[in-house]
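What follows is the residue order along each chain.
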Amino acid sequence: MDKITGSEALMRALKNEGVDTIFGYPGGAIMPVYNALYDYTRGENKAFEHILVRHEQAATHAAEGYARVSGKVGVTLVTSGPGVMNTITGIADAMMDSTPIVVIAGQVGVNVLGTDAFQEVDLVGVSQPISKWSYQIRRPEDVAWAVSRAFYIASSGRPGPVVLDFAKNAQTGMCEYEPVKVDFIRSYIPYPDLNMDAVKAAAELINNAKKPIALVGQGVELGNAQEELKAFLEKADIPAGRTLMGLSALPSNHPLNMGMLGMHGSYSVNHKEQECDVLIAIGMRFSDRVTGDISRYAKQAKVIHLDIDPSEIDKNVKTTVAVVADCKVSLPALTEAVNEADHTEWKESFQPLRQEEIEHVITPATKPTSGPLLMGEVAHDVAKATNSESILVTDVGQNQLMSARYFKYHKSRSIVTSGGMGTMGYGLPAAMGACYGAPERTVCCFMGDGGLQMSIQEFGTIMENRIPVKMVLLNNNYLGNVRQWQDMFFGKRRSFTPMCNPDFKGIAEAYNISYRSVEEREDLADAIQEMLNTDGPFLLECAIKPDANVEPMTAPGMAVDEMMLNVEC
């Protein structure tokens, strides 16, 4: 075989993995790879789209957005030192939210490792605790194997980020290339064998339950088990709540869908978790934002936990029966084992609580008759205008919680948000990635004025590539979520949460991005239609009531059924 460089081997290995899009930023230690990439991004042999971001953290978030909507592995390519250190937040974010990405970074040559060479950093040491696998490629002969192993680890089992530290001598050295397919690693068991005794024990609990409830997480979507979930819920007639990350795992209009879990979730679901006799957790991890005061969480219930990751079992909530397997496998087995049931009376008991929330929270938030614009009505009206077919991407804060609550989800993989890490600045680059991961769908990105300014430089990426993201800026001139907590728990001492904001219209115009602002309610519908009808990117700035709060809310330290419908500050 002819010999090629390690950089050329990387190109062939990525092509062999089916990569079509790379988000990156070049620099000295990765320059040989970018030289090889040149021939793969143009002409008849074009294999990849390379999106030049304006900051390396944005490259990781864009890869996350791409992965979340496509179900494929997102790819980031950066240089060493400060370049790859800028990706660390995105790597940690992907680890917390089980998002499959591969970050490939340049590194100094092996002969100068450990000498504090220019832009050298111990990437493996830094990234190991926040990735599924971190590996340094020191020889060109190892490129094909390392890439295949990286993609296998990132995408199999519980997905997550993998980091490849690519030494410069391995990029420039010569090797014979032969494609490699890694599909087995000793001691790595991504898909545990299903224990049928556990399935039978879980089915017995469900068959004897009078008040069962299911809690649906992102694991259902990661396992592509949306139809299996519906079959299980419908046969056993079990009402379900969804986590923030799992909102689109079950259609919003499904009769068994009772709403979102957690701190700002559904009033009825949070109360009924404390009343149920059997609680079935499916592909979720019992985070503190779901459980509230864990010492008082669902103590009356038998707990069944379906999860692919054994480390999640009993980590936060003690399990009565654990079914450790891919939910694509465990849900059909459980469906086969359970009896057809009718829990009409139990399901109807949710209604008074749901109606109370509608009257006191939802209607005032989505259909106000006077006063300034509210976050809820903007999210509700955008979702309605897109027939609930669009992808919602959010930043973090009040914009995230309100848009997630009031969007509707009819298709799977329809919400992209930073759940576990809560990364401000995530929304805009993740939305860029989502546009490449699902180019046939409309992508609506909701942001606050604080989060937008953490990644506003990506307007340059959007401008250069005409990425058709529809950006909704909920501008209240505050770091709104922090301000709400300051008002509630710190005596209204608004310490450094008011924001002096720039002229967003001028910034949008400088980047050749279509723009419109809305202050009056009567202009909102027309502005939304203009945004959706405009080819290419669009920034819709909405002037939001400055002191509006996210309601309902379970305050820190409170039990989930101590949720406040109306926040008193």
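Residues numbered from 1 in each chain as written. Predicted model: local features only at pLDDT ≥ 70, side-chain atom pairs only at ≥ 80, totals over all residues. Heavy atoms only, no water.

1. As for the packing of aromatic side chains
Here comes step 1: In this structure the tally under the stated criterion is 13 aromatic pairs.
Here comes step 2: Residues F23 and Y66 carry aromatic rings whose centres are separated by 6.3 Å and whose planes lie at 65° to one another, so their mutual orientation is edge-to-face. With a gap of 43 residues between them, F23 in strand β2 (residues 21-24) and Y66 in helix α3 (residues 56-70) connect regions that are remote in the sequence. Of the two residues examined, F23 and Y66, each falls in the buried class.
Here comes step 3: Considering the side-chain rings of F407 and Y409, the 6.5 Å spacing of their centres and the 40° angle between planes classify their relative orientation as tilted.
Here comes step 4: With a relative accessible area of 2%, F407 lands in the buried category.
Here comes step 5: Take Y409: its relative accessible area is 1%, and that puts it in the buried class. (Phe/Tyr/Trp six-rings, centres within 6.5 Å; stacked < 30°, edge-to-face > 60°. Helix = DSSP H or I, 4+ residues; strand = E, 2+ residues; numbered from the N terminus. Buried < 20%, exposed > 50% of the residue type's maximum accessible area, 1.4 Å probe, protein only.)

2. Examining α3
Here comes step 1: With 15 residues, α3 should reach 21 Å at 1.5 Å per residue; the first-to-last C-alpha distance of 21 Å fits that figure.
Here comes step 2: Burial runs high along α3: 14 of the 15 residues are buried. (Expected span 1.5 Å × (residues − 1).)

3. Some remarks on the side chain of Q136
Here comes step 1: Locating Q136 in the fold gives a position in strand β6 (residues 133-137).
Here comes step 2: Within polar-contact distance, the side chain of Q136 engages the side chain of D165 at 2.8 Å.
Here comes step 3: Setting aside its immediate chain neighbours within four residues, Q136 contacts Q107, L113, V124 and D165. (Polar contact = N/O pair within 3.5 Å; in protein donor to acceptor, adjacent residues only side chain to side chain. Contact = heavy atoms within 4.5 Å.)

4. Here's the deal with the sheet that holds strand β13 (residues 302-307)
Here comes step 1: Spatially, β11-β10-β9-β12-β13-β14 is the arrangement adopted by the 6 strands of the open sheet, whose pairing is parallel. Each having just a single partner strand, β11 (257-260) and β14 (321-324) make up the two edges of the open sheet. For this sheet, the mean angle separating the axes of adjacent strands, direction not counted, is 20°.
Here comes step 2: Taken together, the 5 bridges between strand β9 (residues 212-216) and strand β12 (residues 278-282) define a ladder with parallel strand orientation. Across the sheet, the residue bridging to P212 is V278, located in β12. (Pairing = 2+ DSSP bridges. Axes fitted to C-alpha atoms, helices over the stretch in contact; angles between N-to-C directions.)

5. Some thoughts on the sheet that holds strand β3 (residues 49-52)
Here comes step 1: As summarised here, the arrangement of the 6 strands in space is β3-β2-β4-β5-β7-β6, forming an open sheet in which the pairing is parallel. Of all the strands in the sheet, the pair left with one neighbour each is β3 and β6. Ignoring which end each strand starts from, the neighbouring axes of this sheet average 20° apart.
Here comes step 2: Where β2 and strand β4 (residues 74-78) come together, 2 bridges link them in parallel fashion. By the bridge assignment, F23 is partnered in β4 with T76.
Here comes step 3: Against the sheet, helix α5 (residues 88-96) touches β5 (101-107) and β7 (161-167), its axis set at about 145° to β7.

6. Considerations on the domain arrangement of the protein chain
Here comes step 1: Domain annotation for the protein chain reports domain 1 (3-176), domain 2 (196-350) and domain 3 (372-544).
Here comes step 2: Placing the centre of domain 1 and that of domain 2 at their C-alpha centroids yields a distance of 37 Å.
Here comes step 3: Each side of the interface is counted separately: domain 1 has 7 residues, and domain 2 has 7 residues.
Here comes step 4: Where domain 1 abuts domain 2, roughly 630 Å² becomes buried across the two surfaces, and 54% of that area is made up of carbon and sulfur atoms.
Here comes step 5: Of all residues in domain 1, the largest losses of buried area upon contact with domain 2 belong to R68, D97 and R158, amounting jointly to 63% of the total for that side. (Domains from an automatic or database assignment. Buried area = accessible area lost by both parts, 1.4 Å probe.)

7. Observations concerning the environment of Q400
Here comes step 1: Mapped onto the secondary structure, Q400 falls in helix α18 (residues 398-406).
Here comes step 2: Here Q400 falls in the buried class, since its relative accessible area comes to 6%.
Here comes step 3: If we ignore the near neighbours within four places in the chain, the residues touching Q400 are L244, T394, D395, T417 and S418.

8. A short note on unusual backbone geometry
The bulk of non-glycine residues show a negative phi, and the bulk of peptide bonds are trans.
Here comes step 1: Of the consecutive residues E551 and P552, the connecting peptide bond is found in the cis state with omega at -5°.
Here comes step 2: Of note, the phi angle at S187 is positive, near 80°, even though the residue is not glycine.
Here comes step 3: Take S187: it is sitting in the loop between β8 (174-176) and α9 (196-207).
Here comes step 4: On the accessibility criterion, S187 (73% relative accessible area) is exposed.
Here comes step 5: The residue F496 is not glycine, and still its phi comes out positive at about 60°.
Here comes step 6: Secondary-structure assignment places F496 in the loop between α22 (480-489) and α23 (504-510).

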